[in-house]
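Next come the chains, spelled out residue by residue.
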Amino acid sequence: MGGPATVFRAASIDVLREVVAFCRSKEIDHYILGKGSNVLFSDRGYAGVILSMADLAGYRVSGTRIIAEAGAPLGTLIAVAHAHGSHGLDFLAGIPGTLGGAVTLNAGITEAEIGEIIENVGVIDIAGDVTHIGRDRCEFAYRSSSFLTSRIPIVDACLRLDGSEYDLRRLLALRRATQPLAFPSAGCTFKNPPGFSAGELIDRAGLKGFRVGMAKVSDKHANFILNLGGATSAEIRKLIDIVRQKVYKSFRIPLELEIEVVDG
Ligand code: EPU
């Protein structure tokens, strides 16, 4: 869902650097997009330039590290890790995103987050050069990082493959059992408030199945808002507002968005 936008697919990191420099110098709004799995665009579309990372998906393995460009799909990286005998990325299984998006949001599951296995992240700094930032300066926290607030473009990251291992089949089976995967959604809509589960709160507020137009709170997992087909972004936003208000009224707990809403 969304609307019209100008999309630029950078063919190399150098081209991306040039375009970012151009946008910065001309004060043109620009938004770096991976697979868009956690992003809700406006029905008006986007007035600036969307910089797609789809063609920046290269990677190489060096010892027990994988160094990959930001547009590399997580599924590809999991397969590369397997080919090198590691199940260290399996906790990312089923997340339909790119490395850059996952790093920005510190994607993960209850047991693990990508920030834990990051060694460094390459970004386009203010001078327009690629600089590598060590993990300790990335401010990884629950579904957050310094990149989420700074919006500095990520170009690559180095991941360790020699940490804890995970069971891909078990995790995918758990996802299938607990999450609604048959309809499009942006995954979990809200972050879990400290000590609570957003899904459980929305469920206990009686909102499972609640609809605005073609947007619906999942009957299976209440933190997922589904597009039943042709839902508008405005319908999703209306449903988000209703869920927040009802949960606050019922439990006095504010829900914070996990998905990113990008205005036109
Ligand atoms: N629950 C309900 N009703 C619901 C949904 C959940 O009562 O409608 C209860 C469950 O029974 C369980 C508790 O809430 O007791 C927690 O639910 P679940 O185990 O499904 O985990 P979650 O906290 O809702 C988190 C992440 C997911 C990740 C899973 C698995 C967040 C917001 N969500 O879900 O991440 O896949 O754990 O590790 O942190 C995402 O970030 O987009 C995402 C889907």
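**Structural notes on the site of the ligand**
Surveying the vicinity of the ligand reveals 20 residues, the closest of which are Tyr-142, Asn-192, Asp-203, Ala-222 and Glu-258. A distance of 2.8 Å separates a nitrogen atom of the ligand from a polar side-chain atom of Asp-203. Measuring from an oxygen atom of the ligand, one finds a backbone N or O atom of Ala-222 at 2.8 Å. Considering the ligand on its own, with 830 Å² of exposed area, one finds that the protein chains cover 73% of that surface.

**Digging into the pairing of strand β4 (residues 49–52)**
A two-sided burial pattern is seen for β4, the buried positions comprising Val-49 and Leu-51 on one face and Ile-50 and Ser-52 on the other. Sheet analysis places strand β1 (residues 6–9) next to β4, joined by 4 bridges and oriented parallel. Each bridged residue has a counterpart across the sheet, and for Arg-9 the counterpart in β4 is Ser-52. Relative to β4, strand β2 (residues 30–33) is paired through 4 bridges, and the arrangement is parallel. Counterpart to Leu-33 in the pairing with β4 is Ser-52.

**Considering the nonpolar core**
The biggest cluster of nonpolar side chains holds 46 residues, and the ones touching the most others in it are Leu-16, Val-103, Ile-114, Val-121, Phe-147 and Leu-159. For this core, the secondary structure elements donating two or more residues are α1 (13–26), β4, β6 (65–69), α2 (74–83), α3 (99–105), β7 (118–124) and β9 (154–160). When residues of this core are assigned to domains, at least three map to each of domain 1 (5–52) and domain 2 (59–160). Leu-40, Ala-186, Val-217 and Ile-240 belong to the second-largest nonpolar core, a separate cluster that totals 22 residues.

**Notes on the side chain of Ser-42**
With respect to the helices and strands, the residue Ser-42 is situated in the loop between β3 (39–41) and β4. Setting aside anything within four residues of it in sequence, one finds Ser-42 in contact with Gly-2, Gly-3, Ser-233, Val-262, Asp-263 and Gly-264.

**A closer look at the pattern of salt bridges**
Taken as a whole and assessed by the stated rule, the structure comprises 14 salt bridges. With a shortest N-O distance of 3.4 Å, Glu-111 and Arg-170 are connected by a salt bridge. Of this pair, Glu-111 sits in the loop between α3 and β7 while Arg-170 sits in helix α5 (residues 168–178), and the two are 59 residues apart along the sequence. Owing to a relative accessible area of 44%, Glu-111 belongs among the partly exposed residues under this scheme. The residue Asp-219 makes a salt bridge to Lys-216 at a minimum N-O spacing of 2.8 Å. We classify Asp-219 as partly exposed; its relative accessible area is 47%. One network of salt bridges, with partners in common, ties together Arg-65, Glu-119, Arg-160 and Asp-162.

**Topic: the sheet that holds strand β12 (residues 225–227)**
Ordered by their spatial adjacency, 3 strands build an open sheet running β10-β11-β12, and the pairing between neighbours is antiparallel. Across the chains shown, the open sheet's two edge strands, defined by having one partner strand only, are β10 (211–212) and β12. Bridge count for β10 against strand β11 (residues 215–217) is 2 bridges, and the pairing is antiparallel. Paired with Arg-211 across the strands is Lys-216, a residue of β11. Lying over the sheet, helix α7 (residues 233–251) contacts β10, β11 and β12, oriented at roughly 30 degrees with respect to β11.

**Topic: the environment of Ile-28**
Within the secondary structure, Ile-28 sits in the loop between α1 and β2. In the structure, Ile-28 is positioned 101 residues away from Asp-129 in sequence and 19 Å away in space, judged by C-alpha atoms. Beyond its immediate chain neighbours, meaning those up to four positions away, Ile-28 contacts Phe-22, Cys-23 and Val-49.

**Concerning the side chain of Ser-146**
Within the fold, Ser-146 resides in helix α4 (residues 146–150). Under the relative-accessibility criterion, Ser-146 is labelled buried at 12%. In this view, Ser-146 contacts Arg-137, Cys-138 and Glu-139; residues no more than four positions away in its chain are not counted.

**Points about the domain arrangement of the protein**
The domain architecture assigned to the protein consists of domain 1 (5–52), domain 2 (59–160) and domain 3 (179–262). Contacts between the two partners involve 9 residues from domain 1, matched on the other side by 13 residues from domain 3. Between domain 1 and domain 3, roughly 900 Å² of surface is buried when both sides are summed, and carbon and sulfur atoms account for 49% of that area. Summed over the three residues of domain 1 that lose the most area to domain 3, namely Asn-38, Leu-40 and Asp-43, the buried surface amounts to 65% of that side. Counting every contact that joins domain 1 to domain 3 gives 0 salt bridges. Where domain 1 touches domain 3, the interface holds 9 residue pairs in polar contact (both at pLDDT 80 or more). The biggest single contributor to the side of domain 1 that touches domain 3 is β3, with 3 residues.

The rules behind each value
Residues numbered from 1 in each chain as written. Predicted model: local features only at pLDDT ≥ 70, side-chain atom pairs only at ≥ 80, totals over all residues. Heavy atoms only, no water. Near = heavy atom within 4 Å. Polar contact = N/O pair within 3.5 Å; in protein donor to acceptor, adjacent residues only side chain to side chain. Areas by Shrake-Rupley, 256 points an atom, 1.4 Å probe, with all protein chains shown as cover. Buried < 20%, exposed > 50% of the residue type's maximum accessible area, 1.4 Å probe, protein only. Helix = DSSP H or I, 4+ residues; strand = E, 2+ residues; numbered from the N terminus. Pairing = 2+ DSSP bridges. Core = buried A, V, L, I, M, F, W, Y, C linked by side-chain atoms within 4.5 Å. Domains from an automatic or database assignment. Contact = heavy atoms within 4.5 Å. Salt bridge = Lys/Arg side-chain N within 4 Å of Asp/Glu carboxyl O. Axes fitted to C-alpha atoms, helices over the stretch in contact; angles between N-to-C directions. Buried area = accessible area lost by both parts, 1.4 Å probe.

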